[in-house]
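The lines below spell out each chain.
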Amino acid sequence: MSLVGGFWIAFVLTVVLLIVSLVSGFAGRRRLHLWTGPATIVGLAVAVVLTEQLVKRYTFPAEMTALHLPIAFGAGLLAVPVVATGVWTWRDPTARTWHRLAVFVFVGATLAAAATGLWMFAHATPR
């Protein structure tokens, strides 16, 4: 399988896991959520690693890269509060409000990172 194909599989799988995590979390399907939540973070990490490898094979417009990178870095960092509040909520259900807030901010940043990343990839040229 090519690197590009592997990236797209990881990207789509991460999106599917994120959707299942969100739906299971809001539906109170705790057991499913406790599997898909961490799997989403792992999927995101795999997609980021594959993206780093992809960057070495393509040239991206500088202005798009300058916009995308801070958004993507911020989205990645926002996974930390999601995990931390998720563990907190697992131990103390009264923390659920904080976890939801962390998730909303993370999802918003992740959507912005995905949109700018796809936009950037659409304008990429092979090296």
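Preceding this paragraph is the structure being described.
What comes next concerns the included structure. (Residues numbered from 1 in each chain as written. Predicted model: local features only at pLDDT ≥ 70, side-chain atom pairs only at ≥ 80, totals over all residues. Heavy atoms only, no water.)

**Here we look at the packing of aromatic side chains**
Here's step 1: One pass over the structure, following the stated rule, counts 8 aromatic pairs.
Here's step 2: Seen from their ring centres, Trp 8 and Phe 11 are 5.7 Å apart, and the 80 degrees between their planes marks the pair as edge-to-face. Residue Trp 8 and its partner Phe 11 are both found in helix H1 (residues 3-26); the two are separated by 3 residues, about one turn of the helix.
Here's step 3: A relative accessible area of 30% places Trp 8 in the partly exposed class.
Here's step 4: Overall, Phe 11 belongs to the partly exposed group, its relative accessible area being 21%.
Here's step 5: Three or more aromatic residues link up through ring pairs in this structure, and these residues are Phe 7, Trp 8, Phe 11, Tyr 58, Phe 60 and Phe 121. (Phe/Tyr/Trp six-rings, centres within 6.5 Å; stacked < 30°, edge-to-face > 60°. Helix = DSSP H or I, 4+ residues; strand = E, 2+ residues; numbered from the N terminus. Buried < 20%, exposed > 50% of the residue type's maximum accessible area, 1.4 Å probe, protein only.)

**Overview of the nonpolar core**
Here's step 1: With 11 residues, the main nonpolar core is built from Leu 3, Phe 7, Ala 10, Ala 47, Leu 50, Leu 54, Tyr 58, Phe 60, Met 64, Met 120 and Ala 124.
Here's step 2: Secondary-structure elements contributing two or more residues to this core are H1 and helix H2 (30-55).
Here's step 3: Setting aside chain neighbours within four positions, we find Ala 124 in contact with Tyr 58, Thr 59 and Phe 60.
Here's step 4: If you look at the next biggest cluster of nonpolar residues, it comprises 7 residues, including Ala 79, Val 82, Ala 102 and Phe 106. (Core = buried A, V, L, I, M, F, W, Y, C linked by side-chain atoms within 4.5 Å. Contact = heavy atoms within 4.5 Å.)

**A closer look at the side chain of Ser 21**
Here's step 1: Structurally, Ser 21 can be placed in helix H1.
Here's step 2: Within the local environment of Ser 21, its side chain forms a polar contact with the backbone oxygen of Thr 36, the two atoms lying 2.9 Å apart.
Here's step 3: Leaving out residues up to four positions away in the same chain, Ser 21 has contacts with His 33, Thr 36, Gly 37 and Thr 40. (Polar contact = N/O pair within 3.5 Å; in protein donor to acceptor, adjacent residues only side chain to side chain.)

**What to know about a nonpolar patch on the surface**
Here's step 1: A grouping of Val 12, Val 16, Val 20 and Leu 32 is seen on the molecular surface, where their side chains present a nonpolar patch of about 280 Å² in accessible area.
Here's step 2: In terms of residue count, H1 provides more of the nonpolar patch than any other element does, 3 residues in total.
Here's step 3: Topologically, Val 16 is positioned in helix H1.
Here's step 4: Relative accessible area serves as the criterion here: at 44%, Val 16 is assigned to the partly exposed category. (Patch = residues over 30% accessible without salt bridge, like charges linked within 9 Å, V, L, I, M, F, W, Y side chains within 5 Å. Areas by Shrake-Rupley, 256 points an atom, 1.4 Å probe, with all protein chains shown as cover. Salt bridge = Lys/Arg side-chain N within 4 Å of Asp/Glu carboxyl O.)

Geometric values such as these leave the question of function open.
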